[in-house]
Amino acid sequence: MKRRNTIIVTATVIASCIALWCSFYTESLSEHLRKQNAGAFDANSFVNGQFAQKDLLVRDAIPLQQLLSALNDDKERLAKEYGKVLGIGSNYFFVVKGEGTIVRNDDNGMVISSEGKEWLIPTVHVFGNLARDASGWFDIDAFPTMTDFNSVSAAVNKYIEEHVLTEEIRKGERQSVVSYCAAIEVNRDYIHGEQGAAPFDRQPLLIPYMLEKK
């Protein structure tokens, strides 16, 4: 009986050691695969695939007139139904659509008048994360590294520069009418009713997913 108990204890110890080793091995393998995936990620191809579904983004975009009206009447509901946030403390991002008239178009970008306000559309270099974050295409938790997630911004902006801001658009003349589907950022403090907060910067941006002359 004593010998049998010794065998059982020995087997249990061996099994525990194997299980412990496997757990470390699995973690190491997972880390290895994560690094491999990070190196293999092709942001440009991924973004091209998302833009192939651009029509759905345009379809579901909120008309700018409706957004501006809701900012006055029911900001919280607007944010809940249409807004996107990147994380705690983030501003709100929306995809809007509408039409506007070119007020001026120079090396600083195109300024259009739409729904009683002037909006700046960068036409030379597109910077920042606005187009990425407003689209809803990219879940930060799905990316193995922040480097991959940040590379998406550069790829989205590059796509917009090369395929949305066409030569015809860049040469748009004053008083020309354009239709757009674009990303917009709204101040979080304004949405939540902080006194003195403004909804937009002094010169609010529209980053276009679609921009066409009428």
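Everything that follows concerns the structure shown earlier in this document.
Heads up: these notes are all about the structure in this document. Just so you know, these numbers come straight off a predicted model, no measurement behind them. Sequence order sets the numbering: in each chain, residues are counted from 1 along the sequence as written. The predicted origin of the model limits local features to residues at a pLDDT of at least 70 and limits the giving and counting of side-chain atom pairs to 80 or more, whereas totals for whole chains, interfaces and linings rest on all residues. Heavy atoms from the whole structure form the basis of all side-chain values; hydrogens and water molecules are not counted.

Before going further, it helps to spend a moment on the overall build of the protein. Looking only at helices and strands, the protein has nine helices and six strands in total. Split into buried and exposed, the 214 residues of the protein put 35% on the buried side. The contact definition used throughout considers only heavy atoms, calling two residues in contact when any of these lie within 4.5 Å. Taking as baseline every contact in the protein between residues at least 6 positions apart, the subset at least 24 positions apart corresponds to 73%. Only the protein chains shown count as cover for residues, and all accessible areas are computed by the Shrake-Rupley method using a 1.4 Å probe. As displayed, the protein has an accessible area near 12,900 Å², and 51% of this comes from carbon and sulfur atoms. Working definition: helices are DSSP H or I runs of at least four residues, strands are E runs of at least two. Numbering for both runs from the N terminus. For every residue, the accessible area obtained with a 1.4 Å probe (protein chains only) is divided by the maximum for its type, and the residue is called buried under 20%, exposed over 50%, and partly exposed between those limits.

Another point: the side chain of Asp133. Among the secondary structure elements, Asp133 is positioned in helix α6 (residues 130-135). Beyond its immediate stretch of four places on either side in the chain, Asp133 contacts Lys84, Leu86, Phe93 and Phe149.

Glancing now at the layout of surface pockets. We place a 1 Å grid over just the protein atoms. Points where a 1.4 Å probe fits but has no way out form a cavity, open points with protein on both sides within 12 Å along at least 5 of 7 lines form a pocket, and any residue with an atom within 4 Å of a point lines it. Grid points are joined across faces, edges and corners, and a volume is the space filled by probe spheres set on the points. A volume near 230 Å³ is recorded for the largest pocket. Every residue lining the largest pocket is counted, 16 residues in all, and those nearest its centre are Leu130, Glu185, Val186, Asp201 and Leu205. Each residue gets one of three labels, nonpolar for Ala, Val, Leu, Ile, Met, Phe, Trp, Tyr, Cys and Pro, charged for Asp, Glu, Lys and Arg, and polar for the others, Gly among them. Each residue belonging to the lining of the largest pocket can be placed in one class, and the counts come to nine nonpolar, five polar and two charged.

Before going further, it helps to spend a moment on the environment of Arg170. In this structure, Arg170 sits in helix α8 (residues 167-170). With residues up to four places along the chain from it excluded, the contact list for Arg170 reads Asn105, Thr123, Val124, Glu161 and Leu165. A distance of 2.6 Å separates a polar side-chain atom of Arg170 from the backbone oxygen of Glu161. Think of a polar contact as two N or O atoms within 3.5 Å of one another; within protein, one of them needs to be a possible hydrogen donor and the other a possible acceptor, and neighboring residues in sequence only count if both atoms come from side chains.

In this text, buried Ala, Val, Leu, Ile, Met, Phe, Trp, Tyr and Cys residues form a nonpolar core when linked through side-chain atoms within 4.5 Å. Grouped together as the largest cluster of nonpolar side chains are 54 residues, with contacts concentrated most on Leu67, Leu71, Val96, Ile112, Ile160, Leu206 and Tyr209. Among all residues touching Leu67, those that are not within four sequence positions of it are Ile62, Leu78, Phe94, Val96 and Phe200.

Put simply, a salt bridge is a Lys or Arg side-chain nitrogen that is within 4 Å of an Asp or Glu carboxyl oxygen. For the coordinates displayed, the defined rule picks out six salt bridges. The salt bridge involving Arg77 is made with Glu81; its shortest N-O contact spans 3.1 Å. With a gap of four residues between them, Arg77 and Glu81 both fall in helix α5 (residues 75-82), about one helical turn apart. For Glu167, the salt bridge goes to Lys171, with nearest N and O atoms at 3.5 Å. Here Lys171 falls in the exposed class, since its relative accessible area comes to 59%. Overlapping salt bridges bring together Asp74, Arg77 and Glu81 as one network.

Right, let's talk about the packing of helix α2 (residues 43-51) against helix α7 (residues 146-164) for a bit. Every angle, taken between N-to-C directions, lies between 0 and 180 degrees, and every axis is a line fitted to C-alpha atoms, over only the stretch in contact when it is a helix. Closest axis-to-axis distance for the α2/α7 pair is 9 Å, and the angle between their directions is 55°. When the axes of α2 and α7 are compared, the pair comes out oblique. Of the two elements, α2 crosses α7, and the hand of that crossing is right-handed. Taken together, the residues of α7 that come into contact with α2 (itself represented by Ala43, Asn44, Val47, Asn48 and Phe51) are Ser151, Val152, Ala155, Val156, Lys158, Tyr159 and Ile160. Residues of the contact of α2 with α7, tallied by class, amount to eight nonpolar, three polar and one charged. Working definition: roughly parallel below 35 degrees, roughly antiparallel above 145 degrees, roughly perpendicular at 65 to 115 degrees, and oblique for all remaining angles. Each crossing gets its handedness from the near helix: less than a right angle anticlockwise from the far helix is left-handed, clockwise is right-handed.

Let us now look at the packing of helix α4 (residues 64-73) against α5. One can describe the packing of α4 onto α5 by two numbers: an axis separation of 6 Å at closest approach and a directional angle of 135°. Taken together, the axes of α4 and α5 lie oblique to each other. Residues Gln66, Leu67, Ala70, Leu71 and Asp73 of α4 form the contact with α5, whose participating residues are Lys75, Leu78 and Tyr82. Tallied by class, the residues present in the contact of α4 with α5 amount to five nonpolar, one polar and two charged.

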